[in-house]
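If you want the building blocks of each chain, they are given just below.
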Amino acid sequence: ICEVVANNILFAGLDDRDRDVIVDAMEEKSFSADDVIIKQGDVGDFFYVLDTGATRIEVNGKKVAEVGTGGSFGELALMYNAPRAATV
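Residues numbered from 1 in each chain as written. Predicted model: local features only at pLDDT ≥ 70, side-chain atom pairs only at ≥ 80, totals over all residues. Heavy atoms only, no water.

> Even after reading the chapter, I still don't get a negative patch on the surface, so can you show me in this structure?
Judged by side-chain charge, D15, D18, D20 and D24 come together as a negatively charged surface patch. With respect to the secondary-structure elements, D24 resides in helix α2 (residues 16–25). (Patch = residues over 30% accessible without salt bridge, like charges linked within 9 Å, V, L, I, M, F, W, Y side chains within 5 Å. Areas by Shrake-Rupley, 256 points an atom, 1.4 Å probe, with all protein chains shown as cover. Salt bridge = Lys/Arg side-chain N within 4 Å of Asp/Glu carboxyl O. Lys, Arg positive; Asp, Glu negative; His and termini not counted. Charge placed at Lys NZ, Arg CZ, Asp CG, Glu CD. Helix = DSSP H or I, 4+ residues; strand = E, 2+ residues; numbered from the N terminus.)

Rendered as structure tokens:
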């Protein structure tokens, strides 16, 4: 996960020490292929970084993007204290 975080655009400006603090605060979660990780309209509680795999992002039931290894999602609800903008 350290490498994935180091290559993520949101953390690219951090030095190694600061990235280590971020990684230490993270917890691992595993999901199956058909699991809904976050649901549009729900309260935001986590920010996600994909260590492996891929997932699709849907808004109003329509696919708008796909996120793969090293990608991230879930930050908008946390940054703006707003409901989830998409289902992942």
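Here the narrative resumes.
> So what exactly am I meant to see when it comes to a nonpolar patch on the surface here?
A grouping of L76, M79 and Y80 is seen on the molecular surface, where their side chains present a nonpolar patch of about 360 Å² in accessible area. Its place among the elements puts M79 in helix α3 (residues 75–80).

> What exactly am I supposed to notice about the pairing of strand β2 (residues 54–59) here?
Where a strand is regular, its side chains alternate between the two sheet faces. With 6 bridges connecting them, β2 and strand β3 (residues 62–68) associate as antiparallel partners. By the bridge assignment, I57 is partnered in β3 with A65. Between β2 and β3, which follow one another and run antiparallel, lie 2 residues, and N60 among them has a positive phi close to 55°. (Pairing = 2+ DSSP bridges.)

> How do you make sense of the environment of E28 when you look at a structure like this?
Within the secondary structure layout, E28 lies in the loop between α2 and β1 (48–49). Residue classification places E28 among the exposed residues on the basis of a relative accessible area of 73%. When the C-alpha atoms of E28 and D51 are compared, they prove to be 9.3 Å apart, with 23 residues separating the residues in sequence. (Buried < 20%, exposed > 50% of the residue type's maximum accessible area, 1.4 Å probe, protein only.)

> Looking at this structure, how should I read the packing of aromatic side chains?
Any two aromatic rings considered together are summarised by their centre-to-centre distance and by the angle between their planes. One pass over the full model with this rule turns up 4 aromatic pairs. Ring centres of F46 and Y48 lie 6.2 Å apart, and the angle between their planes is 55°; on these two criteria the pair is classed as tilted. According to the relative accessible area criterion, F46 is partly exposed, its value standing at 29%. For Y48, a relative accessible area of 11% puts it in the buried group. Look at Y48 and F73: their rings are 5.1 Å apart centre to centre, the planes differ by 15°, and that puts the pair in the stacked class. Pair noted here: Y48 is in strand β1 and F73 is in strand β4 (residues 72–73), with a separation of 25 residues, a long-range link. One exposure class covers both Y48 and F73, and it is buried. Chaining the aromatic ring pairs together yields one cluster made of F31, F46, Y48 and F73. (Phe/Tyr/Trp six-rings, centres within 6.5 Å; stacked < 30°, edge-to-face > 60°.)

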